[in-house]
Number of protein chains: 2
Amino acid sequence: MTESVTTGRNLTASDPRLEVWRTFLQAHARLFRRLDEELREEHGLSLPEYEALVQIGRAPERRVRMSHLAQQVLLSKSGVTRLIDRLVADGFVERSACSHDARGAEAVLTPAGLERLRAAATTHLRGIDRYFVSALGADELDTLARTMQAVSLRAGSDAAAGEACDPVPDGLPS
Amino acid sequence: MTESVTTGRNLTASDPRLEVWRTFLQAHARLFRRLDEELREEHGLSLPEYEALVQIGRAPERRVRMSHLAQQVLLSKSGVTRLIDRLVADGFVERSACSHDARGAEAVLTPAGLERLRAAATTHLRGIDRYFVSALGADELDTLARTMQAVSLRAGSDAAAGEACDPVPDGLPS
DNA sequence: CTGATGTCGTTGACAACGCAACCATATCAG
DNA sequence: CTGATATGGTTGCGTTGTCAACGACATCAG
């Protein structure tokens, strides 16, 4: 009944490596929900909304193209449209035409948005530290970064993988 | 390469450890979507639906309580109700009263459900192998299991605004 | 310039999920 | 037994997300 496990290249339904996958799923779900919940309770922002504010806030001029935002926040085009709709309704973001491309739209952070972003960042960073970083040793964090990168590459649907479009970690404006 | 960032206990917005968090999010999103998409295309099942079938199919008698299912599939009570609704509509599952508890309902796998599960398992296991397991060395997989367990523990228990949670309840050492 | 084609963002229709309210039943105090 | 309370599951409703279709603009061949 017991199949020898890590012997061959084929994964079977009883392979303990499947357990790792499930643990991974569970960790993500719990972590995401906890961070989302804390942001909602303390600042009225969902985690995706917060992440959008972060991306806008760290961009030069504090404005970002919608398409760029979609990649960063891991959402579809229409998802971003509606996310920005909400942030506009809340007064945290304004829409602005793109100067170079008349088709394009940019999301611009308002002063209120910047303020809210700064406040929420405290909560978020605390959460990341508490539930994520502090659970991992420095070497484990390193390993995690490497492995997640590898997984991301393999699962990357259509190209776009690891384009490392992350220059200027100028962090939050201050 | 890896600069030691562990200078202070406080996470700031420019801390590279935040990058690990984003990579983690991205890896999850891509992996989940890829596996979901493959299951849908080849078998008409979403990933949560497939996971529910797995949980039912591996249980004794191939029947599971709804509440138990909710924990396994990482869904709310109502989420499970509707997930099972769909599977019932597809003929893969039947509802059945629980013999011990007249309040309870159990989901039972139908022959068609078992058949579909077996077929889909091939696809899923292939995906897990291709995009997840094969991206990780044996030791990395081990590290991942341990760290995800730790994250899950910290984020899962109810220590929202207050205190760090007690370490290691029991059962999961090391 | 003009038409073909691709890209950007929005919209409508819809699927999936969570929360809170709700029954039905279990369980426990008295 | 009886009433109070807790638990399992479903339902109504709101929220959030995707996909396909669309209009507006860009871009390039001719």
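Residues numbered from 1 in each chain as written. Chains lettered and ligands numbered in written order. Predicted model: local features only at pLDDT ≥ 70, side-chain atom pairs only at ≥ 80, totals over all residues.

Caption draft 1: Expanded view of the interface of chain A and chain B. With 49 residues of chain A at the interface, the matching set in chain B holds 50 residues. When residues of the side of chain A that touches chain B are traced back to their parent elements, those giving at least two are helix H1 (17–43), helix H5 (111–131) and helix H6 (138–155) of chain A. Class assignment of the residues belonging to the side of chain A that touches chain B gives a composition of 29 nonpolar, eleven polar and nine charged. (Contact = placed C-beta atoms within 7 Å. Helix = DSSP H or I, 4+ residues; strand = E, 2+ residues; numbered from the N terminus. Nonpolar A, V, L, I, M, F, W, Y, C, P; charged D, E, K, R; others polar.)

Caption draft 2: Quick look at helix H4 (residues 77–89) of chain A. All names here are of chain A. Given a rise of 1.5 Å per residue, 13 residues ought to cover 18 Å, and the 18 Å separating the end C-alpha atoms of H4 matches this to within 8%. Turning to H4, the residues buried within the fold contact helix H2 (47–58), helix H3 (66–73), strand S2 (93–97), strand S3 (105–109) and H5. Gly91, located one to two residues past H4, shows a positive phi value of around 85 degrees. (Expected span 1.5 Å × (residues − 1).)

Caption draft 3: Main features of the nonpolar core. Formed by 80 residues in total, the largest nonpolar core has its most connected members in Leu53(A), Ile56(A), Val151(A) and Val151(B). For this core, the element with the most residues is helix H1 (residues 17–43) of chain B, which contributes eight residues. Not counting chain neighbours up to four residues away, the residues in contact with Ile56(A) comprise Arg62(A), Arg63(A), Val64(A), Val93(A), Ala107(A) and Leu109(A). (Core = buried A, V, L, I, M, F, W, Y, C linked by C-beta atoms within 7 Å. Buried ≥ 20, exposed ≤ 12 C-beta atoms within 10 Å, placed from the backbone.)

Caption draft 4: Just the confidence of the model for chain A, in detail. All names here are of chain A. Per-residue confidence for chain A averages 87 on the pLDDT scale, and 84% of its residues sit at or above 70. Element-level pLDDT for chain A is lowest in H6, with a mean of 94, against a maximum mean of 98 in H4. Contacts of residues 158–174 to residues separated by more than four positions or lying in other chains number 19 contacts, the stretch itself having pLDDT below 50. (pLDDT = per-residue confidence, 0-100.)

Caption draft 5: Up close: the protein's contact with DNA strand C. Close to DNA strand C lie 22 residues; Ser67(A), Ser78(A), Ser76(B), Ser78(B) and Gly79(B) are nearest. Among the elements of the structure, H3 and H4 of chain A together with helix H4 (77–89) of chain B are those that each provide at least two residues to the surface near DNA strand C. (Near = placed C-beta within 6 Å.)

Caption draft 6: Molecular detail of the protein's contact with DNA strand D. Around DNA strand D there are 22 residues in total, and Ser78(A), Gly79(A), Ala102(A), Ser67(B) and Ser78(B) lie nearest to it. If you list the elements that add at least two residues to the surface near DNA strand D, you get H4 of chain A together with helix H3 (66–73) and H4 of chain B. Per element, the largest residue contribution to the surface near DNA strand D is five residues, and it comes from H4(A).

Caption draft 7: How the structure looks around the relation of the copies chain A and chain B. Note on the copies: chain A fits chain B at an RMSD of 0.1 Å, the axial shift is 0.0 Å, and the rotation between them is 180 degrees. Put plainly, the chains are arranged around a two-fold axis. Taking C-alpha positions as the reference, the residue of chain A nearest the rotation axis is Leu144(A), at 3.4 Å. Counting the interface residues of chain A, we find that 88% of their copies in chain B are interface residues as well, pointing to one common contact surface. (Least-squares fit on C-alpha atoms with pLDDT ≥ 70 in both.)

Caption draft 8: Expanded view of unusual backbone geometry. In this structure, Leu74(A) takes a positive phi of about 60 degrees despite not being glycine. By the secondary structure assignment, Leu74(A) is in the loop between H3 and H4. Phi is positive for Glu61(B), close to 70 degrees, though the residue is something other than glycine. Locating Glu61(B) in the fold gives a position in the loop between helix H2 (47–58) and strand S1 (63–65). Taking the number of C-beta atoms within 10 Å as the measure of exposure, Glu61(B) has 10 and is therefore exposed.

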